[in-house]
Each structure stands twice: as C-alpha cells, then as structure tokens.
Amino acid sequence: MRIKRMAAVVAVSMLALSVAACGGDEGGDDAGTGDNGGSTATGIVGKAEKSKRLVVGVKADQPGLGLQTGAQYEGFDIEIAKIIAKGLGVDAGSIEWKTTVSANREPFLQQGQVDLVVATYTINDERKEKVNFAGPYYIAGQDLLVPSASTLAGPEGLAGKKVCSVAGSTPAKRIKTEFPQAQLQEFDAYSKCVTALAGGSVDAVTTDDIILAGYAAQSQYAGKFKVVGKTFSEEPYGIGLAKADKTGCEKVNEILKAAAGDGSYKAAWDATLGKSGKAAPELDTSKLTNCA
Amino acid sequence: MDVFSDPDNQELFLTGFSWILRLTGISAALALVLGVLLAAMRVSPVPVLRGIGTVWVNTFRNTPLTLIIVFCNLGLFSTLGLKLSDDIALNNFWLSVIGLSAYTAAFVCEAVRSGINTVPAGQAEAARAIGLTFAQTLRIVVLPQAGRAVIAPLGSILIALTKNSTIAGVIGVAEAANAMKVLINDNGDAVIAIFLVFAGTFVALLVPTGYFFNWLGNRLAVRR
C-alpha cells in the first residue's frame, strides 16, 4: 500500500516536472519571438509615448560610467540614457533605473524586464543575434590597470602574471583565448579586482580603458594606479534594445545624432568621465548603422 | 536543449560540478573534524576552551558565507599574504575550502553538541566513576552515542554545504553557479533550460544524499 502510494507520488511529480520542463522551453521561445513580437507593435517609441516611462538597465559599480550611490545613479551611461529618454519625450525623473551586470543584459532585454540597456555594452555579432544595438556612442578598448610603479607595458608582458577581470565578461574571455599564459583571477565585480590590485594579490586589472580610468580617478586610489594606455581591442559601446524593435533602434540613433550636434553629448562627457582630464571624444555619426 | 550539445558547454558544466564535489568533499571532511573538536571544547571543563568554542560558533554561524569567502581572498590572501598555491585557480579553491570549513564547522559543532545532550547524564557519570578522564569519557562513551544520534542532522548540513559551495564562485572558482552564469551570458535565449539543468543536477545529487543519511541515521540510532 505504502509502496503504491509512493510510486504514485513519484509518477505525479515526474509528470509535473516534465510539464514544467516543456513550459520552460516554450517560455524560452516566447521570450525570443512572442513577447518581442508583442513589443514590436509598440516598441520603446510607443511605450515612451503612451506611458511616459522607461526602464533602463545600467551598471551600478563602474565609477564614471554607471555608479550607484544610495538610490542615485551617476555616470556617462546614465547621462546618455537621460539624453535618449529626453529625445523620446520621457523626463529624467520618470526613468526607472535597473542595475544590470554583464551576465544578465541580454536576458533582461529578451524577457522585456528593461526597455533599454546602457551599461558599457559592447556591440558584437554574437550579441547582435539576441538584441538590437543603437550606437555606438563611444569606442572603448580593452586595457590594463596596473600599480603606478609597475613596468608592465602591454598584454604581451602578461605571461605568468596574475590579471583580474569579471567572470563571464568579454575581457575575461579575451584573456583566456588570446593570452592563455596569463593567470586569470575572476571575481563577480570589478570593484573586488581593484581591491585585490591595491592589496597586491593581482598584477593587473583588465577591462575597457574608460572603466579603468574611472577607477584610477577614484579619490581613495589617487596616484596609486595607472592605465597602461595600450588598448588591445575595440569595444564599441552600444545601447541595447529588444531584437524586434528596429524602429526604436533607429529612433535612438537619430537622438544620438542630434545630441552630437547640439553639444549635449559633450556636456554629458564633461560632467562625468571628462573629470578625469580626458577630452570629450567625437561621436562618429557615420557609424550608427547597427540596427537590424 | 542544444546549449548542452556543444562540447565546450558540456565541459563547462562538468568542470563546474567537479569543483562543487571537490569543494564539498574536502570541506566536509575538515568541517567534521573541526566541528567535533569545537563541540568537545564547548562541553569541556576548561573555561578558556569553552570560550573559544562559543566565540567561533557565534562568529561563523552568524556571518554571511559570501562575506567569509570574500574575506578569505581579499583578507587572508590579498592583505595578509596567505598563499596556498602558485596556481591561481588552486589558490582560490583552497581559500574557499578554508572559508567553507570554518563556516560549516560551526553548524557541525552545534549538531554534535545537541547529540551529546541526548546521551543520558548517567553514562558520563558512570564513565567518571570507573576512573576515565574527560577526554576518555568523551571519546569512548559519549561521542560514539552522540554521533549516532546526529547522523540525519549532519546529512542536512552536508546538503547545505554542497549548495553553499557555489559561493566559491564569487572569488573565481569555476564552480557550477559560475558555469551557469557564463552559459546564461552566452545563451540568453535558453535561460530557463540552463537553469533547469543546473538545478536538476543539484537535486539529483542531493535527494539521494538526504535519503541515505536518513536511512543511516535510523539504522545506527541508539535505541533507548
């Protein structure tokens, strides 16, 4: 009797699991087509018009780009997002900021949890298959942050050295594939890498140059670190949108173009990363061609 | 499910779980030894030892494990210079083992101590009456009976430890949760499938563990 009952319980739970599994798979597909199909009808342009609200995914731990202090977010990415929101008719106060990390940007866009991602988001072909990219609004490059006294001159000198990056990020992947002689320390956030660099347990921190510049410029590390200045990749930062939202993507590009013309792009730079002393870059409007 | 037909992804998955098993195995052994020692300290007649045991348990049982593991890397290794291996992956692995063992030992200690409380006082009194020392009483009379009483709770602690070992990922051990993060990062369209596979593997590993410890606990229980 008991065995029979147990068997029944097992059978029912197996059934439930398999149903859940099917549901899960379909759910995955839906996120790829159905949900986004729904948002095509409106897209971010429609949503901004209707609800006057936007949900923007940004980084929370990158000084100069996207840094959360209390409930406030500040940085270049934040300013760019504000420019875009303004262009879409949403004022800065109605933007809901959502912290994203490198690993969850595509899932957030695919599941519709955010409308836009402005989070040091490198445009590449792999990601283009899953999301749409407006921009680039800035071209960064992977570089190394080292202690001021270090003689490390570039990625070629990394053999046997300990270099730190974030698990699963593009810079970490590049170190693994292109500089396998380097020992890679992975943390879940760059701030931990920088702490480790200050403690001397790693020889260098690697990611995009402007992110590193942001850390080097932080007051508690003033004078301790330097950015090597020899970039070994090109990272065009784009603005992520849902895959199906081509209209929205083109609209964002138009807004960027306008921002380059009327000086608001330069103002955004000067208010954030410009403080590190780096002059505002030119926004190359001829490259705004990634919408698909 | 085509995510898992790619051999690279399969390797990521397998390495992930092999790290989990290694972390769990070694930490479990260390935590068991340390936990029993701590329990012995907490019931010992020496106030200093009791104090050390109490402070240990209260510190580690009430600190988030993430904090402990991050401290093992940024504190013990980065600042204090405790280096356990020249290889960065192994170094992180052993630092995680330290953190996991220290944390889990606190729980093992409390489980064993509650087991000691199930042994009737007469047992220890009789042991003392025939002239056994404190250490002998504990080793020969009390702990063997206490140990049998706490097998099922220790099984729960082992299960918790297995899941906790995913926290080693925050200092860069390429364990399962990290592998899952990488896979999700590369395959944003298959998030639910990836999640179900990883969660399912944990369940498949741990459900039998739970049943085994319950069975063992019943079998070895001291019938009173």
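What counts, and where the lines are drawn
Note that residues are indexed from 1 along each chain, following the sequence as it is written. Chain A is the first chain written and ligand 1 is the first ligand written, with later ones labelled in order. Local features in this predicted model are restricted to residues whose pLDDT is 70 or higher, and side-chain atom pairs enter the listing and the counts only when it is 80 or higher, whereas totals over whole chains, interfaces and linings include all residues. What counts as a helix is a DSSP run of H or I of at least four residues, what counts as a strand is a run of E of at least two, and both are numbered from the N terminus. Burial is judged by counting the other C-beta atoms within 10 Å of a residue's own C-beta: 20 or more makes it buried, 12 or fewer makes it exposed, and any count in between marks it as partly exposed, with every C-beta position built from the backbone. Working definition of a contact: two residues with C-beta atoms, positioned from the backbone, lying within 7 Å. Note that Gly is not counted as nonpolar here; it falls among the polar residues with everything else outside the nonpolar set of Ala, Val, Leu, Ile, Met, Phe, Trp, Tyr, Cys and Pro and the charged set of Asp, Glu, Lys and Arg. Multiplying 1.5 Å by the residue count of a helix minus one yields the expected span of that helix. One requirement defines pairing of two strands: DSSP has to find at least two bridges between them. Throughout, an axis means a line fitted to C-alpha atoms (over the contacting stretch in the case of helices), and angles, computed between N-to-C directions, take values from 0 to 180 degrees. Note on angle classes: values under 35 degrees are labelled roughly parallel, values over 145 roughly antiparallel, values of 65 to 115 roughly perpendicular, and the remainder oblique. The crossing is said to be left-handed when, going from far helix to near helix, the turn is anticlockwise and less than a right angle, and right-handed when the turn is clockwise. Confidence scores labelled pLDDT are given residue by residue by the predictor and lie between 0 and 100. For this entry, the nonpolar core is defined as buried Ala, Val, Leu, Ile, Met, Phe, Trp, Tyr and Cys residues connected by C-beta atoms within 7 Å. We call a crossover right-handed when, viewed with the strands running away from us, the connection from the first strand over the helix to the second turns clockwise.

A. Structural view of the overall build of chain A. From N to C terminus, chain A includes ten helices and 13 strands. Across the 292 residues in chain A, those meeting the buried criterion constitute 48%. Restricting the contact set of chain A to residue pairs at least 6 apart, pairs at least 24 apart contribute 72%.

B. Seen up close, the overall build of chain B. Scanning chain B from N- to C-terminus turns up nine helices and zero strands. Put simply, chain B runs from its N terminus to its C terminus through helices and strands in the order α-α-α-α-α-α-α-α-α. In terms of overall dimensions, chain B has C-alpha extents of about 70 × 45 × 25 Å along its principal axes. Counting only residues that meet the buried cut, chain B has 42% of its 224 residues in that class. Contacts in chain B between residues far apart in sequence, at least 24 positions, make up 75% of those at least 6 positions apart.

C. Local environment of helix H8 (residues 176-186) of chain B. Counted residue by residue, H8(B) has eleven buried out of eleven residues, so it is predominantly covered. Along H8(B), the residues that are buried comprise Ala176(B), Ala177(B), Asn178(B), Ala179(B), Met180(B), Lys181(B), Val182(B), Leu183(B), Ile184(B), Asn185(B) and Asp186(B).

D. Inspection of the interface of chain B and chain A at higher detail. Contacts between chain B and chain A engage 20 residues on the former and 27 residues on the latter. Listed by contribution, the elements that provide at least two residues to the side of chain B that touches chain A are helix H3 (65-79), H8 and helix H9 (191-220) of chain B. Within the side of chain B that touches chain A, the residues separate by chemical class into twelve nonpolar, six polar and two charged.

E. Expanded view of H9(B). With 30 residues, H9(B) should reach 44 Å at 1.5 Å per residue; the first-to-last C-alpha distance of 43 Å fits that figure. Listed in full, the buried residues belonging to H9(B) are Val191(B), Ile192(B), Ala193(B), Ile194(B) and Phe198(B).

F. Here's a closer look at unusual backbone geometry. Residue and element names in this part refer to chain A. Omega for the bond connecting Gly-135 with Pro-136 falls within 30 degrees of zero, at 10°, which places this linkage in the cis form. Tracing the backbone through its elements, the reader meets Pro-136 in strand S7 (residues 131-140). Despite not being glycine, Lys-52 shows a phi value in the positive range, around 55°. With respect to the secondary-structure elements, Lys-52 resides in the loop between helix H2 (34-51) and strand S1 (54-58). Phi is positive for Thr-120, which is not a glycine, with a value near 40°. In this structure, Thr-120 sits in strand S6 (residues 116-122).

G. Seen up close, the sheet that holds strand S4 (residues 72-74) of chain A. All names here are of chain A. Taken in spatial order, the three strands of this open sheet run S2-S3-S4, and their pairing is antiparallel. Across the chains shown, the open sheet's two edge strands, defined by having one partner strand only, are strand S2 (61-62) and S4. Two strands pair when backbone bridges link them, and S2 and strand S3 (residues 66-69) are joined in this way by two bridges, in the antiparallel orientation. By the bridge assignment for S3, Asp-61 is matched with Leu-67.

H. Here's a closer look at the packing of helix H3 (residues 76-87) of chain A against helix H10 (residues 264-271) of chain A. Residue and element names in this part refer to chain A. Taken N-terminus to C-terminus, the directions of H3 and H10 make an angle of 155°; their axes are 8 Å apart at the nearest point. What the angle tells us is that H3 and H10 run roughly antiparallel. H3 and H10 meet at a crossing whose hand is right-handed. Two secondary-structure elements touch here, H3 through Phe-76, Glu-79, Ile-80 and Ile-83 and H10 through Ser-264, Ala-268, Trp-269 and Ala-271. For the contact of H3 with H10, the class distribution of residues is six nonpolar, one polar and one charged.

I. Structural context of the sheet that holds S1(A). Residue and element names in this part refer to chain A. Taken together, the five strands give an open sheet; going across it, the order is S5-S1-S6-S13-S7, and neighbouring strands pair in mixed fashion. Each edge of the open sheet is held by one strand with a lone partner, namely strand S5 (95-99) and S7. In this sheet, neighbouring strand axes are inclined to one another by 25° on average, regardless of whether the strands run parallel or antiparallel. Examined bridge by bridge, S7 and strand S13 (residues 235-242) share seven bridges and lie antiparallel to one another. When the sheet's bridge partners are listed, Val-131 is paired in S13 with Ala-242.

J. Just the confidence of the model for chain A, in detail. Residues and elements named next belong to chain A. The predicted model of chain A has a mean per-residue pLDDT of 82, with 85% of residues at 70 or higher. The lowest-confidence element of chain A is helix H1 (residues 2-32), averaging 51 in pLDDT; the highest-confidence one is S1, averaging 93. In this model residues 19-41 is a low-confidence stretch, pLDDT under 50, and it forms 28 contacts with partners more than four residues away in sequence or in other chains.

K. Molecular detail of the nonpolar core. In this structure, Ala81(A), Ile84(A), Leu116(A), Leu145(A), Val205(A), Ile239(A) and Leu241(A) are the most contacted members of the largest nonpolar core, which totals 145 residues. Here this core gets 14 residues from one element, more than from any other, and that element is helix H4 (residues 88-118) of chain B. Those residues in contact with Ile239(A) that lie beyond four places of it in its chain are Ile84(A), Leu116(A), Val117(A), Val118(A), Phe133(A), Ala134(A), Gly135(A), Tyr137(A) and Val252(A).

L. Seen up close, the environment of Ile83(A). Residue and element names in this part refer to chain A. Positionally, Ile-83 belongs in helix H3. Look at Ile-83 and you get buried, because 23 C-beta atoms sit within 10 Å. Not counting residues up to four positions away in its chain, the partners in contact with Ile-83 are Ile-255, Ala-259, Ser-264 and Ala-268.

M. Main features of the packing of helix H1 (residues 7-42) of chain B against H8(B). Residue and element names in this part refer to chain B. In contact at an axis separation of 7 Å, H1 and H8 are set at 160° when each is read in the N-to-C sense. In terms of axis orientation, H1 runs roughly antiparallel to H8. Each of Asn-9, Leu-12, Phe-13, Thr-15, Gly-16, Phe-17 and Ile-20 in H1 lies in contact with H8, whose residues at this interface are Ala-176, Asn-178, Ala-179, Val-182 and Leu-183. Partitioned by chemical class, the residues of the contact of H1 with H8 number eight nonpolar, four polar and no charged.

N. How the structure looks around the pairing of strand S9 (residues 162-166) of chain A. Residues and elements named next belong to chain A. Burial within S9 is extensive, with four of its five residues counted as buried. Looking at chain direction, S9 and strand S10 (residues 183-187) are connected through five bridges and run parallel. Within the sheet, the bridge partner assigned to Cys-164 lies in S10 and is Gln-185. Assessed by its sense of winding, the connection that carries the chain from S9 through helix H6 (residues 170-178) to S10 is right-handed. Note: S9 against strand S11 (residues 204-208), two bridges, orientation parallel. Of the residues in S11, the one forming a bridge with Cys-164 is Val-205.

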